Amino acid sequence: STTSTTAESSQPHERSRTGEDAPLVRAVNVLKSFHGNEVLKGIDLDVHRGEVVCLLGPSGSGKTTFLRCINQLEAIDGGRIWVDGDLVGYREEGGHLHHLTDKQVAAQRRDIGMVFQRFNLFPHMTALQNVMEAPVQVRGVDKKKARARALELLEQVGLGDKPDSYPAQLSGGQQQRVAIARALAMDPKLMLFDEPTSALDPELVGEVLLVMRELAKQGMTMIVVTHEMGFARDVADHVVFMDGGVVVEEGKPKDVISNPQHERTRTFLKRMR
Ligand code: ADP
């Protein structure tokens, strides 16, 4: 099957470099519209292995959409995204792009963990069952092994004593930590966080950020959409400020957050305080 002429005709044909030093995620000129509304107007981003990148910016600037494009929850209209050297959603052959099959898309998505604003746990399953589900059902991991690994992960997120609790018996912060453990159970090479603490009561935010800080320390590659400036300042290797579907400014947190160069960044940061 041949493809989307837009993606094909307007974009560069360069291939992502491969190998250990290549970025884990490379986005080049990513375009996305919804019903004629241009939401991403040419986003470029490199994320290296072990890096934490925070996406900042006002509501509606396209942060969530960009994250969803990386994970193929949305299809891009133009540009290219590579994860670990693989073109996301397409394969290139003889200078032409071909859509991947649903099965191939599912295989790409399997390597990427995503944590949403709402915890999205299976309500009829315990914490342990939630964490075991994908490894057993999708990867065909032996139940006993999956269980042992799930218990380890629940321990890692501070819920070693709650394997048998149902989501409704857990606080929002605990549910979000189960959601993180569940994503980690698939041994992702990349974790995407979409405002993981914004639906939480303020007193529960810290416990989730703590788990994310630990994960960063262990070297997980993470892209985090967040309004938590303290987290971005302390944990991010790189922050990207988006507004109106473009990257306005990016760099080290101490530069972008403490010494923003653009008026739009300054205005946004003032409102955050
Ligand atoms: P942010 O995460 O920065 O708040 P979003 O990526 O959620 O921004 O949204 C960017 C714009 O895209 C908004 O105007 C939003 O209404 C629009 N949008 C997002 N998803 C959809 C969709 N599925 N259908 C139509 N419009 C959408």
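Residues numbered from 1 in each chain as written. Predicted model: local features only at pLDDT ≥ 70, side-chain atom pairs only at ≥ 80, totals over all residues. Heavy atoms only, no water.

Where an unreviewed UniProt entry is consulted, the protein chain appears under the name ATP-binding protein, with the organism given as Terrabacter tumescens. Regarding the protein chain, the UniProt comment filed under Sequence similarities (unreviewed entry) reads as follows: "Belongs to the ABC transporter superfamily." (UniProt positions renumbered as here; feature names shortened; annotations may be inferred.)

Caption draft 1: Spatial organisation of the site of the ligand. In the region of the ligand, the neighbouring residues are Phe34, Val39, Pro58, Ser59, Gly60, Ser61, Gly62, Lys63, Thr64 and Thr65. For the ligand, an oxygen atom lies 3.0 Å from a polar atom in the backbone of Gly62. Residue Thr64 places a main-chain N or O atom 2.8 Å away from an oxygen atom belonging to the ligand. Considering the ligand on its own, with 560 Å² of exposed area, one finds that the protein chains cover 62% of that surface. The element that contributes the greatest number of residues to the shell around the ligand is helix H2 (residues 63–70), accounting for three residues. Here the residues of the shell around the ligand are counted per class, giving three nonpolar, six polar and one charged. (Near = heavy atom within 4 Å. Polar contact = N/O pair within 3.5 Å; in protein donor to acceptor, adjacent residues only side chain to side chain. Areas by Shrake-Rupley, 256 points an atom, 1.4 Å probe, with all protein chains shown as cover. Helix = DSSP H or I, 4+ residues; strand = E, 2+ residues; numbered from the N terminus. Nonpolar A, V, L, I, M, F, W, Y, C, P; charged D, E, K, R; others polar.)

Caption draft 2: A look at H2. Most of H2 sits out of view: six of its eight residues are buried. Of all the residues in H2, the buried ones are Lys63, Thr65, Phe66, Leu67, Cys69 and Ile70. Positive phi shows up at Gln72, right after H2, with a value of about 60 degrees. (Buried < 20%, exposed > 50% of the residue type's maximum accessible area, 1.4 Å probe, protein only.)

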